[in-house]
Amino acid sequence: MITQGRRHEARRRPGLGVVASAAAIVAATLFAAPVAPAVGAPVLSVSVQGNTLVDGSGSHIRLLGVNRSGAEYACAQGWGIFDGPTDAASIAAMKSWHINTVRVPLNEDCWLGINGVNAPYGGANYRSAIGSYVTALHNAGLLVILDLHWNAPGATLATGQQVMTDADHSPAFWTSVATYFKTDPAVIFDLYNEPHDIPWPCWRDGCTTSGGWQAAGMQSLVDAVRSTGATQPVLLGGLGWSSDLSQWLTYKPTDPANQTAASFHVYNFSGCSTSACWASAVGPVAASVPVVTGEIGENDCVTAFIAAYMAWADTNGVSYLGWTWNTWDCSSGPALISAYDGTPTSFGIGFRDHLAALARRAPADFDGDGASDVAVFRPSTNTWFVRRGATVVFGTSGDIPVPGDYDGNRSADMAVFRPSTGTWFVRGGATVVFGTSGDIPAPGDYDGNGTTDFAVFRPSTGTWYVQGGATVAFGTSGDIPVPGDYDGNGTTDLAVFRPSTGTWFIRGGATTAWGSSGDIPVPGDYDGNGTTDLAVFRPTTAWFVRGGSTVGWGTNGDVPAPGHYDSNGSTDIAVFRPSTGTWFVRGGATVGWGTTGDIALALPAAIRLVAFP
């Protein structure tokens with residue numbers, strides 16, 4: 001973070017003594033074999049592909065998470081390694097905010113065990129603690145950004161950040177860190193927190209600073225990481241406390257692994273804090289490489305500023321992490337939480353709720369930007385066509401497209417259900433036999449763990465089968481399965497719509513008459529409150545949303561395609577007109593995408609199969 005209005009540098013405990021270590025100790029630490037982390041065989045993975053980040057299956061992902069400050073200062077101040085709990089319960093509390101990434105700031109002196117850091121909190125003990133925490137985060141399904149946050153040249157103890165990394169220790173730090181984690185594909189290296197008050201040539205190539213010590217440029221840090229054989233992505237923060245990316249592309253270092261991304265920090269009191277600047281300075285960089293906003297925040301204890309930035313970032317595919325998951329103050333932190341159980345501050349509540357809205361998953365969101373994509377599946381050629389995305393042949397004749405977030409990376413995966421064998425095929429993922437001929441696929445997040453579960457509804461017996469979950473008789477022949485989160489608890493509920501009576505039956509919830517014979521159920525979160533609303537599309541008349549509006553939109557022959565097309569967290573009314581291959585989004589665009597016979601992927605397969613046999 002930059003210095004105004006906060007700050008974790010201010011979290012220093014009294015009585016700090018600074019003892020400089022000899023150069024010989026530095027050298028001994030530099031060439032000591034790092035302790036191998038207990039990361040086992042990570043199942044998580046992240047890498048750079050063009051201007052996006054992808055997971056191990058090649059699906060696009062964005063990093064959405066929090067900073068966990070403490071390991072940059074507690075060790076140097078001589079009272080610990082972390083500030084606050086790092087146990088499974090504290091990690092679960094972070095995960096409950098629907099994050100996928102945690103950024104962990106580090107101290108180079110503590111990692112290397114130099115310059116008088118107390119032995120219990122430095123060197124091998126520090127490295128082991130960081131390695132164990134990374135493992136615990138991975139075990140919870142979280143990616144980790146390791147950030148060099150505090151440093152100092154020569155024999156000076158690192159008790160804050162500098163204008164840039166120092167040539168005395170920072171390359172050695174990254175050589176050691178990269179060696180330690182080089183077999184872990186779920187970490188990212190953030191090479192320096194917030195460079196400032198140096199020119200761009202110094203940022204890349206190093207220079208003698210105004211303080212008289214030698215700065216290490218970003219090129220030397222990239223070289224230090226790659227010299228170990230580590231190929232993970234590296235983040236490079238720009239100037240102006242990482243708020244200035246104006247010449248980032250011009251001075252971008254050479255990376256033999258081609259795994260370089262830009263780091264951007266933005267606060268209501270920082271540079272580049274307007275939408276005009278984001279468009280003019282950040283946008284062009286994001287068009288070339290991934291941009292990760294390593295810190296976002298505001299010091300006014302409200303959320304208007306970050307809300308505006310997150311909306312811009314969602315639209316432009318930019319990642320972001322909130323500062324900070326510490327129980328400080330919402331103005332001087334700014335802290336997201338007031339307790340480590342995840343209780344939000346008045347600033348943090350907006351961040352939490354925004355991620356929760358994104359986690360509700362826009363249908364057919366193949367690029368993970370929080371908005372539904374205009375997309376079709378063409379049965380005649382088994383081809384998927386995603387507007388502004390990929391064209392992919394996946395499936396065979398008779399397959400039913402069932403897109404969903406099967407790997408929990410916040411983007412929809414291409415998948416098909418093969419009725420003839422009851423087999424699910426997920427592109428880049430699993431092939432699973434679950435179901436039989438005649439079953440209706442009804443995927444959903446039935447256990448609330450953030451991933452789509454395989455599930456089928458068997459009309460012949462009115463039975464639901466959820467892989468790894470319950471087998472439940474609920475419904476009867478002729479019912480249309482309409483699973484959704486009707487109580488807003490983050491899990492998919494079993495539900496059916498009975499066309500003969502226009503009645504909705506929600507397991508554990510209400511039985512409600514809403515609709516009429518011939519209506520097509522189109523459940524969705526039309527008011528953006530986090531719960532699924534009852535709604536029907538009457539092809540000859542209008543859309544009817546219970547508790548909401550009645551809207552004339554579409555005509556006979558149109559296929560309803562409700563989705564979150566503007567990424568605002570609420571379901572938009574939309575139709576696909578097969579006769580012309582045109583999409584009509586209420587309040588949005590009219591787009592030609594598809595042709596007669598194509599299947600609009602925004603409408604769930606369970607509804608489509610029964611309503612449009």
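Coordinates for the structure precede this section.
Rules used in this analysis
Residues numbered from 1 in each chain as written. Predicted model: local features only at pLDDT ≥ 70, side-chain atom pairs only at ≥ 80, totals over all residues. Heavy atoms only, no water. Helix = DSSP H or I, 4+ residues; strand = E, 2+ residues; numbered from the N terminus. Buried < 20%, exposed > 50% of the residue type's maximum accessible area, 1.4 Å probe, protein only. Axes fitted to C-alpha atoms, helices over the stretch in contact; angles between N-to-C directions. Parallel < 35°, antiparallel > 145°, perpendicular 65-115°, else oblique. Left-handed = near helix turned anticlockwise from the far one by under 90°. Contact = heavy atoms within 4.5 Å. Nonpolar A, V, L, I, M, F, W, Y, C, P; charged D, E, K, R; others polar. Phe/Tyr/Trp six-rings, centres within 6.5 Å; stacked < 30°, edge-to-face > 60°. Disulfide = S-S within 2.5 Å. Pairing = 2+ DSSP bridges.

> What am I meant to see in unusual backbone geometry here?
Leaving glycine aside, a negative phi is the common case for residues, and trans is the common case for peptide bonds. For the bond from W323 to T324, the omega torsion is 0°, close enough to zero to count as cis. In this structure, T324 sits in the loop between β13 (319-322) and α11 (348-359). Cis geometry marks the peptide bond from G333 to P334; its omega dihedral reads -15°. Within the fold, P334 resides in the loop between β13 and α11. Backbone geometry at C301 places phi at a positive 60°, although glycine is not the residue there. Positive phi, normally seen in glycine, also occurs at N382, with a value near 55°. For N382, the location among the structural elements is in the loop between β14 (375-378) and β15 (383-386). Using a relative accessible area of 13% as the deciding quantity, one classes N382 as buried.

> Before we go on, may I ask you to explain the packing of helix α9 (residues 275-286) against helix α10 (residues 304-316) in this structure?
The axes of two packed helices give the description: the angle between them and the distance between them. Closest axis-to-axis distance for the α9/α10 pair is 12 Å, and the angle between their directions is 45°. Classified by the interaxial angle, the pair formed by α9 and α10 is oblique. Handedness of the α9/α10 crossing: right-handed. Here α9 contributes W278, A279, V282 and G283 to the contact with α10, which in turn contributes F305, A308, Y309 and W312. By residue class, the composition of the contact of α9 with α10 is 7 nonpolar, 1 polar and no charged.

> When you look at the environment of Q49 in this model, what are you seeing that I'm missing?
By the secondary structure assignment, Q49 is in strand β1 (residues 47-49). In this structure Q49 comes out as partly exposed when scored by relative accessible area, which is 44%.

> Please explain the packing of aromatic side chains as it appears in this structure.
Any two aromatic rings considered together are summarised by their centre-to-centre distance and by the angle between their planes. Within the structure shown, the criterion is met by 31 aromatic pairs. Between the aromatic rings of Y73 and W150, the centroid separation amounts to 6.1 Å while the plane-to-plane angle is 50°, which identifies the pairing as tilted. Of this pair, Y73 sits in the loop between β4 (64-67) and α2 (88-95) while W150 is found in strand β6 (residues 143-150), placing the two residues 77 residues apart along the sequence. Overall, the relative accessible area of 0% leaves Y73 in the buried class. With centroids separated by 6.2 Å and ring planes inclined at 15°, the aromatic side chains of W200 and Y251 adopt a geometry described as stacked. Taken together, the residues W200 in helix α6 (residues 200-205) and Y251 in the loop between α8 (239-242) and β11 (260-267) connect sequence positions 51 residues apart. Judged by relative accessible area, which is 18%, Y251 ranks as buried. Put simply, the rings of W111, Y126, F173, W174, Y180, F181 and F189 touch in pairs and so form one group of aromatic residues.

> Just to check I follow, could you spell out the environment of F612 for this structure?
Along the polypeptide, F612 turns up in the segment after α12 (605-611). Expressed as a C-alpha distance, the spacing of F612 and D197, which sit 415 residues apart in the sequence, is 63 Å. F612 has contacts with I520, D558, V559, P560, L603 and I607, leaving out every residue within four places of it along the chain.

> For this particular structure, what's the right way to read the state of the cysteines?
Think of a disulfide as a covalent bridge from one cysteine sulfur atom to another cysteine sulfur atom. According to the stated counting rule, one finds 4 disulfides in the structure shown. Here C272 engages in a disulfide with C277; their sulfurs sit 2.1 Å apart. The sign of the -110° torsion about the S-S bond sets the C272-C277 disulfide as left-handed. Taking relative accessible area as the criterion, C272 reaches 13% and is therefore assigned buried. Residue classification places C277 among the partly exposed residues on the basis of a relative accessible area of 21%. Look at the protein chain and number its bonded cysteines as they come in the sequence; the links are 1-2, 3-4, 5-6, 7-8.

> Sorry, what's going on with the sheet that holds strand β29 (residues 520-521) here?
Strand pairing in a sheet relies on backbone hydrogen bonds. The paired strands run either parallel or antiparallel. One open sheet holds the 4 strands; their spatial order is β29-β30-β31-β32, and the pairing between them is antiparallel. The sheet terminates laterally at β29 and β32 (550-551), the two strands that pair on one side only. Pairing of strand β30 (residues 535-537) with strand β31 (residues 543-545), which is carried by 3 bridges, proceeds in the antiparallel orientation. For F537, the partnering residue across the bridge sits in β31 and is W543.

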